[in-house]
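One letter stands for each residue in the lines below.
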Amino acid sequence: MYSIDLNSDIGESFGAYRLGDDEAIIPCITAANAACGWHGGDPMVMDRVVKLAKEHGVAVGAHPGYPDLLGFGRRKMVLSFDEVKNYVKYQIGALSAFTQSCGMKLHHVAPHGSMGNQCQYDEEISRAICEAVYEYDKDLIIYYCAGAVLGRIAEDMGLRAAAEIFADRAYMDDLSLAPRKMDGAMITDEEMAISRCVRMIKEGKVTSINGKELDIKGDTLCVHGDGPKAIAFVQRIRETFEKEGIQIRAL
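Residues numbered from 1 in each chain as written. Predicted model: local features only at pLDDT ≥ 70, side-chain atom pairs only at ≥ 80, totals over all residues. Heavy atoms only, no water.

Participant: Account for the overall build of the protein chain, naming residues and giving values.
Facilitator: Within the protein chain one finds eight helices and ten strands. With respect to the principal axes defined by its C-alpha atoms, the protein chain has extents near 40 × 35 × 35 Å. The buried share among the 251 residues of the protein chain stands at 53%. Taking all contacts inside the protein chain whose residues are at least 6 apart in sequence as the whole, residues at least 24 apart take part in 73%. Side chains of the protein chain carry 28 positive and 37 negative charges; the gap between the two charge centres is 1 Å. (Helix = DSSP H or I, 4+ residues; strand = E, 2+ residues; numbered from the N terminus. Buried < 20%, exposed > 50% of the residue type's maximum accessible area, 1.4 Å probe, protein only. Contact = heavy atoms within 4.5 Å. Lys, Arg positive; Asp, Glu negative; His and termini not counted. Charge placed at Lys NZ, Arg CZ, Asp CG, Glu CD.)

Following this line, the structure appears as C-alpha cells:
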C-alpha cells in the first residue's frame, strides 16, 4: 500500500482580503500549512483555521515566511542568520498560541514562498530555520521541498523531516520549483496534475519542465490553497488515489 500526507497552504486571507477557500479545502486534507501573519493571515484568520482543522481532525503546521505582506512572501529578502531564525521562531510561537488554546499540538513547520525556495541550496537560511525549530520544539516535523538542503540539515540536527512534492507546480532540471513567471510553471490541467502525482508517489519519477526525467521522493503532497483549481485538485486527488491504492494519511 502506497501512502502520502496531503497538505495545503491555507489561512492566507487577511483583514478584508480573502484568498482561497479554507472551509472547502480543510475537510479534504490531512495537514494544513497555516500562514502566521507575515505573508498572509492575521489573528482572526489563524483562530478560525485552527478551529476548522480541529473540527476535521487535520494536523496544523506553521507556514512562516518573510515579512512581505504586499509581495505575499514571494520576494527574495537578504537577511542575517539571526533575523531568519528569530522571524521563524516568532511566527511559530504566534500560531502555537492558537493551537494550544484549542488543545492541539503544532505538527510541523513548512517554510513559505521565497524563504522555502531559498532552502533548496542556501545552507545558512536552512540552518537558521532548523535552529528556530530545534530551540522551540524538537518534535516538530520540517516539511522541505524534495531535494532541498533543508531536509539534510534538519536530519543532521536530529529533527524529523518530510520531503514535499507539489501537485500544481512544475520542476526545473535540478528539482527546484520552476519560477512562477515561467510559462508552464503552474499546472492547471487536472488530468496532468493527477497523473504526475500518481507517478511521483508510485514510481518516484517526475518530468521536468524541460523534459528531463528526474528521481523524486515524497512524504507529503502539497496543493496550493490560493490556486484557481485548488478545491478541484484535492477532490480529484482523493478520488484517484483511492482507485490507485494510495492511502492518504497524516505523518
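Participant: I'd love a proper account of the pattern of salt bridges, names of residues and values included.
Facilitator: Following the criterion strictly, the structure yields 19 salt bridges and no others. Across the pair Arg 18 and Asp 21 runs a salt bridge whose closest N-O atoms are separated by 3.6 Å. Here Arg 18 ties to Glu 23 by a salt bridge, and the two come within 3.3 Å at their closest N and O atoms. Accessibility expressed as a relative area gives 56% for Arg 18, which makes it exposed. Through salt bridges that share partners, Arg 18, Asp 21, Asp 22, Glu 23 and Arg 48 make up one connected network. (Salt bridge = Lys/Arg side-chain N within 4 Å of Asp/Glu carboxyl O.)

Participant: Explain the packing of helix α5 (residues 123–136) against helix α6 (residues 149–156) to me, using residue names and the numbers behind them.
Facilitator: Look at α5 against α6: their axes get within 9 Å of each other, and the N-to-C directions meet at 45 degrees. The angle between α5 and α6 places the two elements in the oblique class. As for how α5 packs across α6, the hand of that crossing is right-handed. Contact residues: Glu 123, Ser 126, Arg 127 and Cys 130 in α5; Val 149, Leu 150, Arg 152, Ile 153 and Ala 154 in α6. (Axes fitted to C-alpha atoms, helices over the stretch in contact; angles between N-to-C directions. Parallel < 35°, antiparallel > 145°, perpendicular 65-115°, else oblique. Left-handed = near helix turned anticlockwise from the far one by under 90°.)

Participant: How would you summarise the pairing of strand β9 (residues 220–224) if you had to cite specific residues and measurements?
Facilitator: Burial of β9 is extensive: five of the five residues sit out of reach of the surface. Burial along β9 is two-sided: Thr 220, Cys 222 and His 224 facing one way and Leu 221 and Val 223 facing the other are all buried. Pairing geometry for strand β1 (residues 2–10) and β9, over five bridges, is parallel. Bridging from a neighbouring strand, Leu 6 pairs with Leu 221 of β9. Two strands pair when backbone bridges link them, and strand β6 (residues 160–166) and β9 are joined in this way by three bridges, in the parallel orientation. Note on β9: the bridge partner recorded for Ile 165 is Leu 221. (Pairing = 2+ DSSP bridges.)

Participant: Describe unusual backbone geometry, listing the residues and the values that go with them.
Facilitator: One non-glycine residue, Phe 72, adopts positive backbone phi at about 60 degrees. By the secondary structure assignment, Phe 72 is in the loop between β3 (59–63) and α3 (81–101). Within the chain, Leu 175 stands out as a residue other than glycine whose phi angle is a positive 75 degrees. Tracing the sequence through the fold places Leu 175 in the loop between β6 and α7 (190–203).

Participant: Explain α5 residue by residue, including any values.
Facilitator: Think of an α-helix as turning once every 3.6 residues; residues three or four places apart then point the same way. Here α5 contains 14 residues, and its C-alpha end-to-end distance of 20 Å stays within 8% of the 20 Å for a straight helix at 1.5 Å per residue. On its buried face, α5 is in contact with α3, β4 (108–109), α4 (113–118), β5 (141–145) and α6. Measuring from the side-chain oxygen of the N-cap residue of α5 to the backbone nitrogen of Glu 124 gives 3.0 Å; that N-cap residue is Asp 122. (Expected span 1.5 Å × (residues − 1). Polar contact = N/O pair within 3.5 Å; in protein donor to acceptor, adjacent residues only side chain to side chain.)

Participant: So what's going on with the side chain of His 108? Residues and values would help.
Facilitator: Following the sequence through the fold, His 108 ends up in strand β4. What makes His 108 buried here is its relative accessible area of 0%. Polar side-chain contacts of His 108 include one of 2.9 Å to the side chain of His 107. Apart from the residues lying within four places of it in its own chain, the contact partners of His 108 are Ala 31, Ala 32, Asn 33, Val 60, Gly 61, Ala 62, Leu 140, Ile 141 and Tyr 143.

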